[in-house]
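Reading the structure
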Amino acid sequence: MFVKPIRGRTTAAVEGDAVVLLIGMRINHFWAVHQWLPVMLSMFRMLAELARDKDRGLLGRVLLTASPRTYYVVQYWESKEKLYAYAASPDMFHHRVWEITNRKERTGKVHGHVGLWHEAYVVPEGSYESIYFDMPPSGLAAATGVLPVESRGRRAAERFAHRSSGASGEAGKAGEVGEAGRAGKAV
């Protein structure tokens, strides 16, 4: 799908803390398709599950590849609490996948054909900034909306210094979309 770029300079409309999860897999043995393909398909199934229920807290995601062996997803979440709640919820697919993985590990049926990893970050307000130039909404801006860069400052130091009104220390109003992003207007 072609997304039209927004002319000029924009920034992400995130308010409060930014919650970022990097999660991925590495194919250790290409020939063991029966081992790594189900892992890959599980990630797509979890992303579809989250897309169907916006209240779970996933704001946006970017699928990436680091090499022919390594694939990962950058995910932006409303809060660490919503991320934890999804991961631990017994009625969600993620919980079932980890039950299976843990059972295989306990019984010695994990053979190292596929590697799994994740890193989670809560980035406090004032510790991130963004700028996009003649870009469609991407990354954090695709997850939270876009604003004209001037609303947060022309320079990185000004954007780092931005504080949301009533900054609470958690994701706050991270799901709000700036006027330009909501209307799809050029900035």
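The structure this text deals with has already been given above.
Residues numbered from 1 in each chain as written. Predicted model: local features only at pLDDT ≥ 70, side-chain atom pairs only at ≥ 80, totals over all residues. Heavy atoms only, no water.

**Looking at helix α1 (residues 33-52)**
Taking 1.5 Å per residue, 20 residues should reach 28 Å; α1 reaches 28 Å between its end C-alpha atoms and fits that length. Buried residues of α1: Trp-36, Met-40, Ser-42, Met-43, Met-46, Leu-47, Glu-49 and Leu-50, and no others. For α1, the secondary structure elements touched by its buried residues are β2 (18-27), β3 (58-65), β4 (70-77), α2 (80-88), α3 (93-106) and β5 (114-123). (Helix = DSSP H or I, 4+ residues; strand = E, 2+ residues; numbered from the N terminus. Expected span 1.5 Å × (residues − 1). Buried < 20%, exposed > 50% of the residue type's maximum accessible area, 1.4 Å probe, protein only. Contact = heavy atoms within 4.5 Å.)

**Some remarks on the pattern of salt bridges**
Per the stated rule, a full pass over the model turns up six salt bridges. Here Glu-15 ties to Arg-152 by a salt bridge, and the two come within 2.7 Å at their closest N and O atoms. With Glu-15 in the loop between β1 (6-12) and β2 and Arg-152 in the loop between β7 (146-148) and α5 (156-161), the pair connects residues that are 137 residues apart, well separated along the chain. What you see here is one network of salt bridges that share partners, running through Asp-53, Arg-56 and Asp-91. (Salt bridge = Lys/Arg side-chain N within 4 Å of Asp/Glu carboxyl O.)

**Focus on unusual backbone geometry**
In this model, Asp-134 sits at a positive phi of 50°, which is unusual for a non-glycine residue. Checked against the element boundaries, Asp-134 lands in strand β6 (residues 132-135).

**Quick look at the environment of Ser-67**
Within the fold, Ser-67 resides in the loop between β3 and β4. Spatially, the C-alpha atoms of Ser-67 and Ile-27 are 9.9 Å apart, while their sequence positions differ by 40 residues.

**Thoughts on the packing of aromatic side chains**
Here the structure, examined in full by the defined rule, presents two aromatic pairs. Consider the rings of Tyr-72 and Trp-117, whose centres lie 5.7 Å apart with planes at 50°: the pair is tilted. You can see Tyr-72 sitting in strand β4 and its partner Trp-117 sitting in strand β5, a full 45 residues away along the chain. Taken together, a centroid distance of 6.2 Å and an interplanar angle of 35° make the contact between Trp-77 and Tyr-86 tilted. The two residues Trp-77 and Tyr-86 agree in class, both being buried. (Phe/Tyr/Trp six-rings, centres within 6.5 Å; stacked < 30°, edge-to-face > 60°.)

**Focus: the environment of Leu-50**
Note on placement: Leu-50 falls in helix α1. Between the alpha carbons of Leu-50 and Tyr-86 there is a distance of 8.7 Å; along the sequence they are 36 residues apart. For Leu-50, the contacting residues outside a window of four places in its chain are Arg-56, Leu-58, Trp-77 and Tyr-86.

**A look at α3**
In this model α3 runs 20 Å from its N-terminal to its C-terminal C-alpha over 14 residues, within 8% of the 20 Å that 1.5 Å per residue would give. When α3 is considered as a whole, its buried residues turn out to be Phe-93, His-94 and Val-97. All buried residues of α3 project into a common sector of 100° when viewed along the axis, lining one side. Those residues of α3 hidden inside the fold are in contact with α1 and α2. The first or second residue beyond α3 is Gly-108, which carries a positive phi of 75°. (Arc of directions from axis to C-beta.)

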